[in-house]
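Chain by chain, the residues run as shown.
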Amino acid sequence: MRHNIDVQVLPYEAGEYLGMEGAFTVLDFPEPKDTPIVHVETATTSLFLERSEEVEEYNVAFGNLQGIALSTSRSAKFISGVAESLEKRT
């Protein structure tokens, strides 16, 4: 277990959400002079976005995802339940 990593499940029932277009990573750095950037994955390429307006849009999308996802404890229970149901099938 790593205490610096949170796992949250986004249930299907959550419906549409910001960020459905594809995977992205917001990269923050400890040094104030190193401004945050966003890495966006697409089917054919990847992009690094640096403009503060773009970074803020992805921060909003990430906040939205965290808000509609299950809490870390509920996510752990959900994952355990899925694992148990899969074990029963074998």
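Residues numbered from 1 in each chain as written. Predicted model: local features only at pLDDT ≥ 70, side-chain atom pairs only at ≥ 80, totals over all residues. Heavy atoms only, no water.

K.L.:
Could you give an account of the overall build of the protein, naming the residues involved and the relevant values?
P.N.:
For the protein, the count of helices and strands is two helices and three strands. For the protein, the succession of helices and strands along the chain, N to C, is β-β-β-α-α. The globule rule puts the C-alpha radius of gyration for 90 residues at 12 Å, and the 16 Å found for the protein is more than 25% above it. Its C-alpha atoms put the protein at 50 × 30 × 25 Å along the principal axes. Pairs at least 24 apart in sequence give 47% of the contacts found in the protein among residues at least 6 apart. Per element, the accessible surface of the protein, about 7400 Å² overall, is 54% carbon and sulfur. (Helix = DSSP H or I, 4+ residues; strand = E, 2+ residues; numbered from the N terminus. Rg over C-alpha atoms; globule rule 2.2 N^0.38 Å. Contact = heavy atoms within 4.5 Å. Areas by Shrake-Rupley, 256 points an atom, 1.4 Å probe, with all protein chains shown as cover.)

K.L.:
Please provide a residue-by-residue account of helix α1 (residues 52-68), values included.
P.N.:
For α1, built from 17 residues, the straight-helix expectation of 24 Å at 1.5 Å per residue is met to within 8% by its first-to-last C-alpha distance of 24 Å. Buried within α1 we find Val 55, Ala 61 and Leu 65. All buried residues of α1 project into a common sector of 120° when viewed along the axis, lining one side. Within α1, the exposed residues directed more than 90 degrees away from the buried face are Ser 52 and Gly 67. Taken together, the buried residues of α1 touch β1 (24-27), β2 (37-41) and β3 (46-49). (Expected span 1.5 Å × (residues − 1). Buried < 20%, exposed > 50% of the residue type's maximum accessible area, 1.4 Å probe, protein only. Arc of directions from axis to C-beta.)

K.L.:
Kindly report on the nonpolar core, identifying the contributing residues and their values.
P.N.:
Listed in full, the seven residues of the largest apolar core are Phe 24, Val 38, Val 40, Leu 49, Val 55, Ala 61 and Leu 65. Residue assignment for this core shows that the elements contributing at least two residues are β2 and α1. No other element matches α1, which puts three residues into this core. Other than its neighbours up to four places away in sequence, Leu 49 contacts Ile 37, Val 38, Val 40, Glu 54, Val 55 and Tyr 58. (Core = buried A, V, L, I, M, F, W, Y, C linked by side-chain atoms within 4.5 Å.)

K.L.:
Just give me the short version of the pattern of salt bridges, but keep the residues and values in it.
P.N.:
Between side chains of opposite charge, a pair can form as their charged atoms come close. Per the counting criterion, the structure on display carries two salt bridges. We note a salt bridge from Arg 51 to Glu 53, for which the minimum N-O separation is 3.3 Å. Across the salt bridge formed by Glu 54 and Arg 51, the nearest N and O atoms sit 3.3 Å from each other. Within the structure, one salt-bridge network assembled from shared partners comprises Arg 51, Glu 53 and Glu 54. (Salt bridge = Lys/Arg side-chain N within 4 Å of Asp/Glu carboxyl O.)

K.L.:
Could you give an account of the side chain of His 39, naming the residues involved and the relevant values?
P.N.:
Checked against the element boundaries, His 39 lands in strand β2. For His 39, the side chain forms a polar contact with the side chain of Ser 46, separated by 3.4 Å. (Polar contact = N/O pair within 3.5 Å; in protein donor to acceptor, adjacent residues only side chain to side chain.)

K.L.:
Describe a nonpolar patch on the surface, listing the residues and the values that go with them.
P.N.:
Where nonpolar side chains cluster on the molecular surface, the patch consists of Ile 5, Val 7, Phe 78, Ile 79, Val 82 and Leu 86 and spans about 510 Å² of accessible area. Structurally, Ile 5 is set in the segment before β1. (Patch = residues over 30% accessible without salt bridge, like charges linked within 9 Å, V, L, I, M, F, W, Y side chains within 5 Å.)

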